[in-house]
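# Report on the structure
Each chain, written out:
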Amino acid sequence: MKWSISTKLFLVLVAISIAAVAAMGVSARISFTRGFIGYLNEQSTTYVESVVPRLAEAYKNEGSWKFLNHNPRAWYRLLDTRPRREGPPQFSEVDFTAVQLRMTLLDADKEIVIGNRTLTPGAPMRAIEVEGKTVGWLALVPYQQATAAADVRFQKRQLTQNWLIGLGTVLIAALAAWWLSRLLVTPLTRIASATHNLASGDYTVRIPVTSKDEIGGLSQDFNRLAQALAHNEQLRRSFMADVSHELRTPLSVLKGELEAIEDGVRSMTPETLASLQSEVATLNKLVSDLYDLSLSDIGALSYRMTDVDIGEVLHSTLAAFQQRLAERGLKVETHIDSPAMINGDEGRLQQLFNNLLENCARYSQADGTMRVACRNTNGEVLIEIEDSGPGVPADILPRIFERFVRAEASRNRSHGGAGLGLAICANIVQAHGGTITASAAPLGGLLISIRLPLLRTLKV
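All values derive from a computational prediction rather than experimental measurement.

The next thing to look at is the environment of V12. For V12, the position within the fold is in helix 1 (residues 5-62). Relative accessible area serves as the criterion here: at 45%, V12 is assigned to the partly exposed category. The spatial distance from the C-alpha of V12 to the C-alpha of A177 is 8.7 Å, given a sequence separation of 165 residues.

The four strands are arranged 2-1-4-3 in an open sheet whose pairing can be described as antiparallel. The open sheet terminates on both sides in strands that have one partner only, identified here as strand 2 (112-115) and strand 3 (125-130). Strand-to-strand, the axes of this sheet are offset by a mean angle of 25°, without reference to chain direction.

A separate point is helix 6 (residues 310-320). The complete set of buried residues in helix 6 reads I310, G311, V313, L314, T317 and L318. Here the buried residues of helix 6 occupy an arc of 160° about the axis, which is enough to place them on one side. Residue D309 occupies the N-cap position of helix 6, its side-chain oxygen lying 3.1 Å from the main-chain nitrogen of G311.

This next bit is on the nonpolar core. In summary, soluble globular proteins display a tendency toward joint burial of nonpolar side chains. Within the largest apolar cluster, 42 residues are counted, with the highest numbers of intra-cluster contacts made by I310, L352, V381, I383, I450 and L452. Sorting the residues of this core by element identifies helix 6, helix 8 (346-363), strand 8 (369-377), strand 9 (380-387), helix 9 (421-431), strand 10 (435-440) and strand 11 (446-453) as the ones contributing at least two each. When residues of this core are assigned to their parent elements, the largest contribution, seven residues, is made by helix 8. Apart from residues no more than four positions distant in its own chain, I383 is found in contact with I310, L314, F353, A373, C374, I448, S449, I450 and L452. Core analysis: the second largest hydrophobic core is formed by 24 residues, A56, Y59, L105 and L140 among them.

Here we come to the pattern of salt bridges. Evaluation of the coordinates by the stated rule reveals eight salt bridges. Notably, a salt bridge pairs R371 with E333, separated by 3.0 Å at the nearest N-O pair. Separated by 38 residues along the polypeptide, R371 in strand 8 and E333 in strand 6 (residues 331-336) bring together distant segments of the chain. R451 is the partner of E380 in a salt bridge, and the nearest nitrogen-oxygen pair spans 2.8 Å. In this pair, E380 is assigned in strand 9 and R451 in strand 11, connecting sequence segments 71 residues apart. The class for R451 is partly exposed, based on a relative accessible area of 35%. The network of salt bridges with shared partners includes R324, E358 and R362.

Moving on, we come to the packing of helix 6 against helix 8. For the pair helix 6 and helix 8, interaxial distance at closest approach is 10 Å and the crossing angle is 50°. On the basis of their axis angle, the class for helix 6 and helix 8 is oblique. Regarding helix 6 and helix 8, the two cross each other, and that crossing is right-handed. Contacts between helix 6 and helix 8 involve I310, V313, L314, S316, T317 and L318 from the first element and E346, L349, Q350, F353, N354 and L357 from the second. Across the contact of helix 6 with helix 8, the residue classes tally to seven nonpolar, four polar and one charged.

Looking at the element boundaries, C360 is found in helix 8. For the pair C360 and I385, spaced 25 residues apart in sequence, the C-alpha separation works out to 8.6 Å.

Another aspect to go through is the packing of helix 8 against helix 9. Remark: helix 8 packs on helix 9, axes separated minimally by 9 Å, with the N-to-C direction vectors making an angle of 145°. The handedness of the crossing between helix 8 and helix 9 comes out as left-handed. Residue-level contacts link R348, Q351, L352, N355, L356 and N359 of helix 8 to G421, L422, I424, C425, I428 and V429 of helix 9. Grouping the amino acids of the contact of helix 8 with helix 9 by side-chain chemistry returns seven nonpolar, four polar and one charged.

Rules behind the numbers
- Residues numbered from 1 in each chain as written.
- Predicted model: local features only at pLDDT ≥ 70, side-chain atom pairs only at ≥ 80, totals over all residues.
- Heavy atoms only, no water.
- Helix = DSSP H or I, 4+ residues; strand = E, 2+ residues; numbered from the N terminus.
- Buried < 20%, exposed > 50% of the residue type's maximum accessible area, 1.4 Å probe, protein only.
- Pairing = 2+ DSSP bridges.
- Axes fitted to C-alpha atoms, helices over the stretch in contact; angles between N-to-C directions.
- Arc of directions from axis to C-beta.
- Polar contact = N/O pair within 3.5 Å; in protein donor to acceptor, adjacent residues only side chain to side chain.
- Core = buried A, V, L, I, M, F, W, Y, C linked by side-chain atoms within 4.5 Å.
- Contact = heavy atoms within 4.5 Å.
- Salt bridge = Lys/Arg side-chain N within 4 Å of Asp/Glu carboxyl O.
- Parallel < 35°, antiparallel > 145°, perpendicular 65-115°, else oblique.
- Left-handed = near helix turned anticlockwise from the far one by under 90°.
- Nonpolar A, V, L, I, M, F, W, Y, C, P; charged D, E, K, R; others polar.

If you want it as structure tokens, here you go:
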């Protein structure tokens, strides 16, 4: 039989409550029984102490114990230590211990004179002395159990009340266990159902957060997970669509060119070959970027970390782009601190700067301005590359490092980009323990800011 969590929790809590109440009941019974009998014996001992002087005085007056032989009336009159009052006796005056029936008078030789004749060996005795001489002994048969009817009724009432209280406690615990099991299991049931839907591909499922405890935190975490999965699924679909589109465009151009040559519409000229070579180069760069991006996403992109002066890397990359930038008529302003030592892969850093400078050369307006800065600040190196425009819409900036994200109005496919360069840049920077951000540049275009940790041994 398969039990639900709520049933198991309910039964466990009830079982614990029953065991606790039973243990308390048994303990209370033992404690009460022993304590009550001990209380009775203590009261009896106190009573014996008050009777001894009366017996000593009676012996002194009579000269012997003969006056008590077969005279229970005189015996009980000596044992009655209550003060004489008019009216009914008070509760405190009532001999509720029946101690008189348990008392035995013995002579000096410890022979029974009168009283309870079931005296057992070892019973407590109190000496009765007259003028320094022991004339008798007063013995008390101790309680082994509460035998008086009133005492038994009192004991039973106490035990019955204890068991009734225990039963009430178990009932209250059962109600509390039922409420607690419902309180804990109901949200868990909702989470289990939502998890099943999420595993089935329903990424729109959400769990209402009704508390601020651990279950509420678990519900919030589930909602964030579902949101992340939905976002990743959307990215996956967009990625597949974008890859298909980016591949289809150059392939369509190639197919059209080849069909034109095959049909004799176009002749095989150097210009035709250059056009075909351009489309092949576009395909090759797209496939290469996709490969690098996939490797960096899974952490398989190789890095050979050494001590690198990033200022020198930036200088050498700018020198390689000098002709490319000059063709676009771009004016380059530089402010590069050197040395700026970091732990990095010089080849990957060159790839990073190549992508960023290529974007500036490709998208900046002709005869514009580009600024490149590299500064040491607060234990890190800050690299800023900005251009004079056109800029990037504000709604695109937060997503500009996602794959295939471009500002279609100005930085579009007509310039030959596939929208993967900045995504690769972000992965390279992350692999070097840095951060990369994009914002609007003071020159009017795009400002890329990169922060990388300096070597700890560097002394500025």
